[in-house]
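Residues per chain are reported as follows:
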Amino acid sequence: MQAGIHPNYHEVKVMCACSASWTTRSTVKGDELRVEICSNCHPFFTGKQKLVDTEGRVDRFQKKAAKSKALQAAIASRKGTEATQ
Ligand SMILES: [Zn+2]
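For clarity, every value in this text was computed on a predicted model and none was experimentally measured. (Residues numbered from 1 in each chain as written. Predicted model: local features only at pLDDT ≥ 70, side-chain atom pairs only at ≥ 80, totals over all residues.)

Brief notes about the domain arrangement of the protein chain
By convention, interface size is frequently given as the accessible area that disappears when the constituent parts associate.
Next up, step 1: As assigned here, the protein chain comprises domain 1 (1–50) and domain 2 (51–85).
Next up, step 2: Computed over C-alpha atoms, the centres of domain 1 and domain 2 are 39 Å apart. (Domains from an automatic or database assignment.)

A few points about the environment of serine 68
Next up, step 1: Within the element layout of this structure, serine 68 appears in helix α2 (residues 57–84).
Next up, step 2: For the pair serine 68 and histidine 42, spaced 26 residues apart in sequence, the C-alpha separation works out to 30 Å. (Helix = DSSP H or I, 4+ residues; strand = E, 2+ residues; numbered from the N terminus.)

Section: the environment of glutamine 62
Next up, step 1: Its place among the elements puts glutamine 62 in helix α2.
Next up, step 2: In this structure glutamine 62 comes out as exposed when scored by C-beta crowding, with 11 C-beta atoms within 10 Å.
Next up, step 3: Measuring from C-alpha to C-alpha, the distance between glutamine 62 and threonine 24 comes to 37 Å, with 38 residues separating the pair along the chain. (Buried ≥ 20, exposed ≤ 12 C-beta atoms within 10 Å, placed from the backbone.)

Structural notes on the sheet that holds strand β1 (residues 10–16)
Next up, step 1: Here three strands make up an open sheet; going across it, the order is β2-β1-β3 and the pairing mixed. Because the sheet does not close on itself, it has two edges, and the strands there are β2 (21–26) and β3 (32–35). In this sheet, neighbouring strand axes are inclined to one another by 35° on average, regardless of whether the strands run parallel or antiparallel. (Pairing = 2+ DSSP bridges. Axes fitted to C-alpha atoms, helices over the stretch in contact; angles between N-to-C directions.)

Some details on the environment of valine 58
Next up, step 1: Considering the arrangement of structural elements, one finds valine 58 in helix α2.
Next up, step 2: Note on valine 58: 12 C-beta atoms within 10 Å, which makes it exposed.
Next up, step 3: Between the C-alpha atom of valine 58 and that of asparagine 40, which follows or precedes it by 18 residues, the distance is 21 Å.

Okay, structure coming up:
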């Protein structure tokens, strides 16, 4: 093995947002690895349907969609009143 070219491959503790944890080996800096989804909580493995909401993106999108729908309704109603005048 040539010296000075290999990353530090060591044992790390993986911790998921669902509170599951296990150890593995990795070249990550430090000795712990934090993940937001794992095979214990991902819908593919649990078989349950749920939205995987990382950093509130789903919530943000739904808010945006509701806003756009309201705006479209407002425009449609305005067009409706203009047509009758
Ligand atoms: Zn998990």
